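Here is how the chains run, residue by residue.
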Amino acid sequence: MSAGTEPDGSSRSDEEWERFLRESVAGAADAPKEPSARAREVAKRLSAESGRGLEGWRSYTPARPKRRTGWYVVGLLVSLVLLAVALAPGQVVDLFADDGPDSAPLAAETARPAQAPPAEAAQRPTKDKPFRGSPAASWASGAAGITVPKAGAVGWMSAAEVERALARSRDFLDASGLDRGVLRGERPEKAIALINPHQKDVQELVKTAFRTPSEKNDPLLLFSRFQPSRTHLVGDVVKTRGRLTYGEGERGALQVTADVTFVYPVTDADAGGDDEIVRTIVRRELVLSWDDPDKVITEPGTFSIVSYKYDMTNGGCGAPTGYFTPPFGTDRRADGAGTEVDPYDRSAPVGRGESSGDECGRATRS
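Residues numbered from 1 in each chain as written. Predicted model: local features only at pLDDT ≥ 70, side-chain atom pairs only at ≥ 80, totals over all residues. Heavy atoms only, no water.

A.B. asks: What am I meant to see in the overall build of the protein here?
C.D. replies: Helix and strand counts for the protein come out as nine helices and nine strands. Within the span of the protein, comprising 366 residues, buried residues form 35% of the whole. Carbon and sulfur atoms provide 53% of the accessible area of the protein, an area that totals close to 22300 Å². (Helix = DSSP H or I, 4+ residues; strand = E, 2+ residues; numbered from the N terminus. Buried < 20%, exposed > 50% of the residue type's maximum accessible area, 1.4 Å probe, protein only. Areas by Shrake-Rupley, 256 points an atom, 1.4 Å probe, with all protein chains shown as cover.)

Put into structure tokens, the structure is as follows:
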């Protein structure tokens, strides 16, 4: 058989036969190659991960835009707040007001202040916090708010006797303006017992005032009283601020001057569930004389009353009844007559006395 002849008799040229031999040794350029062991391992891992949701770039789905519901909710809340303010402003103020403890207590008063206390934030009093929103919130409670000075010898009294007289003078203020029974309308027996029984004018006042109160003989001139059937005290605390001073009076007597403001939170006894609280504010000035028994007819442990004055707001106006009559509801709104008075201003002297007439102060704040 001649070279270049196929078994079937076809013939190849020498160039084709030479190329055939070369490709047989080197392999064809487009012949498939068997993958390596590493390539097979990578392909196996990729195939397994494809079942976990790998996403191709052509399968990307853009996120749906978020609905802006937050602004609608904010707008609705603002509308509700504005409506509440319009319908009940006082309650809304209370809701956001600081409901923490009362202000830090003030230092004891040792002299007449130069000006009125600053205005407090507008807050309605409650039964739990009846002094909230007033300067009295930072005042002391009861007799603790009445400053007693250090005693020294005066006139016929030694320092120790002056100290006892000052203590009993404060006892009178306690018994006449803080005693719970007296505030509820009872007769102030303890206070009366401290008054010189030989002082005829005051004894006549005491004898008449509780039976038939009048402008001249009114128990309120010396004692604080509320009618239980009409007015209830709120809580057990009365706030006070004031001081005692002393010096030598007539005939060598020890003369004690008391200047004290009392704040009484009260509510209407007939109000039922109404939470209206009114603060009756009374400022008293009393001048007491502890007389020398060798010069004045007196009894041991008693004093004579030289003078008495008081200023009162939110205690009622009109004919004397023997009780403070705080105005509530429509009565309070109608009680707009009288001279404006800041009942917490202790920088001015006390004005009301025996000849106060029908004048009635209107509180600029309570």
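A.B. asks: Please explain the side chain of Thr147 as it appears in this structure.
C.D. replies: Summarising the element assignment, Thr147 is placed in strand β2 (residues 146-147). Residue class for Thr147 comes out buried when judged on its relative accessible area of 16%.

A.B. asks: Explanation requested: the packing of aromatic side chains in the structure shown.
C.D. replies: Between two aromatic rings, the relevant description is the distance of the centres plus the angle of the planes. This structure, assessed with the given rule, holds eight aromatic pairs. Ring geometry for Phe226 and Tyr264: centres 5.6 Å apart, planes at 70°, overall edge-to-face. Pair noted here: Phe226 is in the loop between α8 (200-209) and β3 (231-233) and Tyr264 is in strand β5 (residues 254-268), with a separation of 38 residues, a long-range link. Tyr264 carries the same exposure label as Phe226, and that label is buried. By the ring-pair criterion, three or more aromatic residues cluster together here, those being Phe172, Phe210, Phe223, Trp290 and Phe303. Lying over the aromatic face of Phe131, Lys239 brings its terminal NZ or CZ to 5.0 Å of the ring centre. One residue, Arg284, lies across the ring of Tyr310, its end atom 5.3 Å from the ring centre. (Phe/Tyr/Trp six-rings, centres within 6.5 Å; stacked < 30°, edge-to-face > 60°. Lys NZ or Arg CZ within 6 Å of the ring centre and 35° of its normal.)

A.B. asks: It is not clear to me how helix α5 (residues 159-177) should be interpreted in this structure. Could you clarify?
C.D. replies: With 19 residues, α5 should reach 27 Å at 1.5 Å per residue; the first-to-last C-alpha distance of 27 Å fits that figure. Every buried residue of α5 is listed here: Val162, Ala165, Leu166, Ser169, Phe172, Leu173, Ala175, Ser176 and Gly177. Buried residues in α5 make contact with β2, α6 (180-183), α7 (189-192), β4 (239-248), β5 and β6 (278-290). (Expected span 1.5 Å × (residues − 1). Contact = heavy atoms within 4.5 Å.)

A.B. asks: Looking at this structure, how should I read the nonpolar core?
C.D. replies: When a protein is soluble and globular, its nonpolar side chains tend to lie buried together. Among the nonpolar cores identified, the biggest contains 46 residues, and Phe172, Leu222, Leu254, Leu286, Phe303 and Ile305 are the most heavily contacted of them. In contact with Leu222, not counting residues within four places along its chain, are Ser176, Val202, Leu205, Arg284, Leu286, Ile305 and Tyr308. By size, the runner-up hydrophobic cluster in this structure holds seven residues, among which are Phe131, Ala136, Ala137 and Val263. (Core = buried A, V, L, I, M, F, W, Y, C linked by side-chain atoms within 4.5 Å.)

A.B. asks: What should I look at first to understand the pattern of salt bridges in this one?
C.D. replies: Working definition: two side chains of opposite charge can pair if their charged atoms are close together. Applying the stated criterion across every chain, the model contains 12 salt bridges. A salt bridge links Arg124 to Asp275, with the nearest nitrogen and oxygen atoms 3.8 Å apart. Of this pair, Arg124 sits in the loop between α4 (89-96) and β1 (140-141) while Asp275 is found in the loop between β5 and β6, placing the two residues 151 residues apart along the sequence. Among the residues examined, Arg124 registers a relative accessible area of 30% and is labelled partly exposed. (Salt bridge = Lys/Arg side-chain N within 4 Å of Asp/Glu carboxyl O.)

A.B. asks: What's the story with the environment of Asp174 in this structure? I'm lost.
C.D. replies: Tracing the sequence through the fold places Asp174 in helix α5. For Asp174, a relative accessible area of 31% gives the class partly exposed. The spacing of Asp174 and Ala191 is 17 residues in sequence and 8.2 Å in space, taken between C-alpha atoms. Ignoring any residue separated from it by four or fewer positions in sequence, one finds Asp174 in contact with Ala143 and Asp179.

A.B. asks: Any chance you could explain unusual backbone geometry here in plain terms?
C.D. replies: Note on backbone geometry: most residues besides glycine have negative phi, and most peptide bonds are trans. Here Arg251, not a glycine, exhibits a phi torsion of approximately 55°, which is positive. One can find Arg251 in the loop between β4 and β5.

A.B. asks: I tried to follow the side chain of Ser169 on my own but got confused; where do I start?
C.D. replies: You can see Ser169 is positioned in helix α5. Residue class for Ser169 comes out buried when judged on its relative accessible area of 1%. Polar contacts involving the side chain of Ser169 include one to the main-chain carbonyl oxygen of Ala165, which spans 2.8 Å. At 3.1 Å, the side chain of Ser169 forms a polar contact with the side chain of Trp290. Contact partners of Ser169, with chain neighbours within four places excluded, come to Leu244, Val256, Leu288 and Trp290. (Polar contact = N/O pair within 3.5 Å; in protein donor to acceptor, adjacent residues only side chain to side chain.)

A.B. asks: Quick question: what am I supposed to make of α8 here?
C.D. replies: Those residues of α8 not exposed but buried are Val202, Leu205, Val206, Thr208 and Ala209. Looking at the buried side of α8, the elements it contacts are α7 and β7 (304-313).

A.B. asks: Please clarify how the confidence of the model for the protein should be interpreted in this entry.
C.D. replies: Predicted coordinates in areas of low pLDDT are best not read in detail. When pLDDT is averaged along the protein, the result is 82, and 71% of the positions lie at 70 or above. Below pLDDT 50 for its whole length, residues 90-101 participates in 14 contacts with residues either more than four positions away or in separate chains. Scored below 50 in pLDDT, residues 353-358 shows seven contacts in the model against residues more than four places distant or in partner chains. (pLDDT = per-residue confidence, 0-100.)

A.B. asks: Before we go on, may I ask you to explain the environment of Arg211 in this structure?
C.D. replies: You can see Arg211 is positioned in the loop between α8 and β3. A residue is classified by how much of its surface remains accessible, and Arg211, at 55% relative accessible area, is exposed. Measuring from C-alpha to C-alpha, the distance between Arg211 and Gly322 comes to 8.9 Å, with 111 residues separating the pair along the chain.

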